[in-house]
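Structural overview for review
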Amino acid sequence: MPRFCYTAIQLIRESNPLFANIEFNARLLTGLEQLNISTPTEVQELMLPLALAGKDVQVCAETGSGKTLAYLLPVMELLLNRAAAPNAATRALVMVPTRELARQVFKTAQQFADLTHLNVGLLTGGDEFKYQAAVLRKNPEIIISTPGRLVDHIKRGSAELKDLEFLILDEADRMLDMGFAEDMNLVVSHANKERQTFMLSATLRHEGIGRIARAMLREPEVITTHTVQDQHEYIRQQRILADDNAHKDRLLVWLLANETYDKAIIFVNKRVEVQRLNEFLRRHRNGIAMLHGDMTQDERNYVMQSLREGKRNILIATDVAARGLDVEGMDLVINYDLARKGDEYVHRIGRTGRAGKTGLAISLIAAHEWNLKASIERYLQQLMESREIPELKGNYRGPKKLKASGKAAGAKKKPKAGKKATAAKASGARAGSKNSSEKKKLGPRPSRPKNTGTLMDSEGFAPIKRKKPGADGN
């Protein structure tokens, strides 16, 4: 152990019983000290002993809970303690859904790898295959990759997973939502079966998570920390009603001018809306940047770097930025368009309120988004705080009537006649036609007896009184 590490390691171990009980490599402890990390998060405290014991682990934890170090630390510790076979291929693979998250994980892994003999490689879309193939030929112990690009390398024969000791599926729920289930299965089919697997997600309720866990993990230990239903104590969630996009534009300008924030992110659902808002807001403020899926990797990198350096402080983005956005000081989130799903909403607002810092998340709600808002609130089991800006009060005041679910109660529609009702009606019509023909055969109906002047006639009906001419005054 290097002499210069003793003081730092001793301080970490004395302030944190977890590190005192686990004999981490001295260089990894030095990396923790350089990052000013002395106290583990809840997910780290629960996962580290299980991972170091060789267990497969399934983790459900919220965004910003420290999941990255929860799996990187034990993987690196075990790799450093195990002698690799000569010319061994990749030993650990981390799969993530987006380029931004891949770069964030790569950056963290590289900080620790620089202190050791371990090498880390990054595979994402947007970079040249030749360059990435050259990286793979050097057999880095750890690869961070998005599913699509890794599958491309497997099919080209440039990626080899037969020596894989660790497989980490980070944000597995998001990968399923993005349609990577087939790619994930292909990767696993090429991986060494005698491996240790970690699967991390924001929810255990996703319909595909259980299926993936059963197929890819062996008797996993399940860890659940703060679920998406637990209210984030550091994020204040508000909603403001809006009439339309023109009204939202005015609200957005007001919020950016009057709220206190270091950096803000505005979420929309469509790329074309990102570009429109970018042009619109540039007429009112400086420091605007945008991020969406059609941008090249160089353009994305430039945007992220400008945010980190403070050259830009307002980002307009689609959900491509909801996960893996590594920017300090993001303390205001505005949902210009409401997220389409509860999980996406959670990851959006999770860009703020990180590492114990407070944040504000504001959603602009139009009439067509009310029921979606109610669904998200029901999923999270918490309500957004109602807010109104007096000088920008709109006409939309919310639904007049609400269902028990919180959704708008619309006017009841008359049920359409089903097949049975239509058939019954047709049957009745045929029966009526048959009865009509039978009546014709029976002859004319007998005439009713003449009025006898009594109150009731012979059939029990009161006699019909006819008006005399001129009785109505004409």
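In case you missed it, the structure is sitting above this.
Okay, so let's go over this structure. Being a predicted model, the structure only gives us computed values, none of them experimental.

1. Some thoughts on the overall build of the chain
When helices and strands are tallied, the chain shows 17 helices and 14 strands. Counting all 474 residues of the chain, 49% fall into the buried class.

2. Re unusual backbone geometry
Negative phi is the rule for most residues except glycine; trans is the rule for most peptide bonds. One non-glycine residue with positive phi stands out, namely N36, at about 60 degrees. Positionally, N36 belongs in the loop between α3 (26-34) and α4 (42-52). Positioned with a positive phi, N139 is a non-glycine residue whose angle comes to about 50 degrees.

3. Comments concerning the sheet that holds strand β12 (residues 330-335)
Judged by pairing direction, the sheet is parallel, and its seven strands sit side by side in the order β10-β11-β9-β12-β13-β8-β14 without closing on themselves. In this open sheet, the two edge strands, each paired with only one partner strand, are β10 (288-291) and β14 (385-386). Relative to strand β11 (residues 314-317), β10 is paired through four bridges, and the arrangement is parallel. Considered in β11, the bridge of M290 is made with I316. Sitting on the sheet, helix α15 (residues 342-349) touches β8 (235-241), β9 (263-267), β12 and β13 (359-365), and the angle it makes with β12 is about 145 degrees.

4. Details of the sheet that holds strand β6 (residues 196-201)
Paired through backbone hydrogen bonds, the strands of a sheet run either parallel or antiparallel to each other. Pairing is parallel across the open sheet formed by seven strands, whose spatial order is β3-β4-β2-β5-β6-β1-β7. Every other strand in the sheet has two partners, leaving β3 (120-123) and β7 (221-224) as the edge strands with one partner each. In this sheet, neighbouring strand axes are inclined to one another by 15 degrees on average, regardless of whether the strands run parallel or antiparallel. Looking at chain direction, strand β1 (residues 57-60) and β6 are connected through four bridges and run parallel. Among the inter-strand pairings, C60 is bridged to a residue of β6, identified as S201. Across the face of the sheet, helix α5 (residues 67-81) comes into contact with β2 (92-95), β4 (142-145), β5 (166-170) and β6 while running at roughly 175 degrees to β5.

5. Structural notes on the nonpolar core
With 40 residues, the main nonpolar core has M47, Y71 and F198 as its most contacted residues. No other element matches α5, which puts 10 residues into this core. If we skip the residues at most four places from it in the chain, M47 touches V57, V59, A70, Y71, F198, L200 and I223. Listed in part, the 29 residues of the second largest apolar core include L307, V327, I376 and Y379.

6. Focus: the environment of T224
Among the structural elements, T224 can be located in strand β7. By relative accessible area, T224 is classed as partly exposed at 37%. Taking the C-alpha atoms as reference, T224 lies 6.0 Å from V59; in sequence the two are 165 residues apart.

7. Focus: the pattern of salt bridges
The tally for this structure, following the rule as stated, stands at 20 salt bridges. Linking R82 and E165 is a salt bridge whose minimum nitrogen-to-oxygen distance equals 3.2 Å. Placement of R82 in the loop between α5 and β2 and of E165 in the loop between α8 (147-156) and β5 is noted, with a sequence separation of 83 residues between them. Under the relative-accessibility criterion, R82 is labelled partly exposed at 35%. Taking the shortest distance from any N to any O, the salt bridge between D319 and R348 comes out at 2.7 Å. Here D319, found in the loop between β11 and β12, pairs with R348, found in helix α15; they are 29 residues apart in sequence, far enough to count as distant. One exposure class covers both D319 and R348, and it is buried.

8. Examining the packing of aromatic side chains
In this structure the tally under the stated criterion is zero aromatic pairs. The ring of F129 carries the charged tip of R156 above its face, separated from the ring centre by 3.7 Å. Positioned above the aromatic ring of Y336 is the side chain of K248, whose terminal nitrogen or guanidinium carbon lies 5.4 Å from the ring centre.

9. A few points about the environment of I168
One can find I168 in strand β5. Placed 75 residues apart in sequence, I168 and L93 show a C-alpha to C-alpha distance of 6.1 Å. Dropping the residues within four chain positions of it, I168 is found in contact with Y71, V75, L93, V94, M95, F198 and L200.

10. Description of helix α10 (residues 181-190)
Taken together, the buried positions of α10 are D183, M184, V187 and V188. Taken down its axis, α10 places every buried residue within 135 degrees of arc, on the same side.

11. So, the pairing of β4
Burial along β4 is two-sided: I142 and I144 and I143 and S145, pointing in opposite directions, are all buried. In this sheet, β4 lies alongside β2 in parallel orientation, the contact comprising four bridges. From the neighbouring strand, L93 faces β4, where its bridge partner is I143. Between the parallel elements β3 and β4, the chain passes through helix α7 (residues 129-137) in a crossover that is right-handed.

Conventions we followed
Residues numbered from 1 in each chain as written. Predicted model: local features only at pLDDT ≥ 70, side-chain atom pairs only at ≥ 80, totals over all residues. Heavy atoms only, no water. Helix = DSSP H or I, 4+ residues; strand = E, 2+ residues; numbered from the N terminus. Buried < 20%, exposed > 50% of the residue type's maximum accessible area, 1.4 Å probe, protein only. Pairing = 2+ DSSP bridges. Contact = heavy atoms within 4.5 Å. Axes fitted to C-alpha atoms, helices over the stretch in contact; angles between N-to-C directions. Core = buried A, V, L, I, M, F, W, Y, C linked by side-chain atoms within 4.5 Å. Salt bridge = Lys/Arg side-chain N within 4 Å of Asp/Glu carboxyl O. Phe/Tyr/Trp six-rings, centres within 6.5 Å; stacked < 30°, edge-to-face > 60°. Lys NZ or Arg CZ within 6 Å of the ring centre and 35° of its normal. Arc of directions from axis to C-beta. Right-handed = clockwise from strand over helix to strand, strands pointing away.

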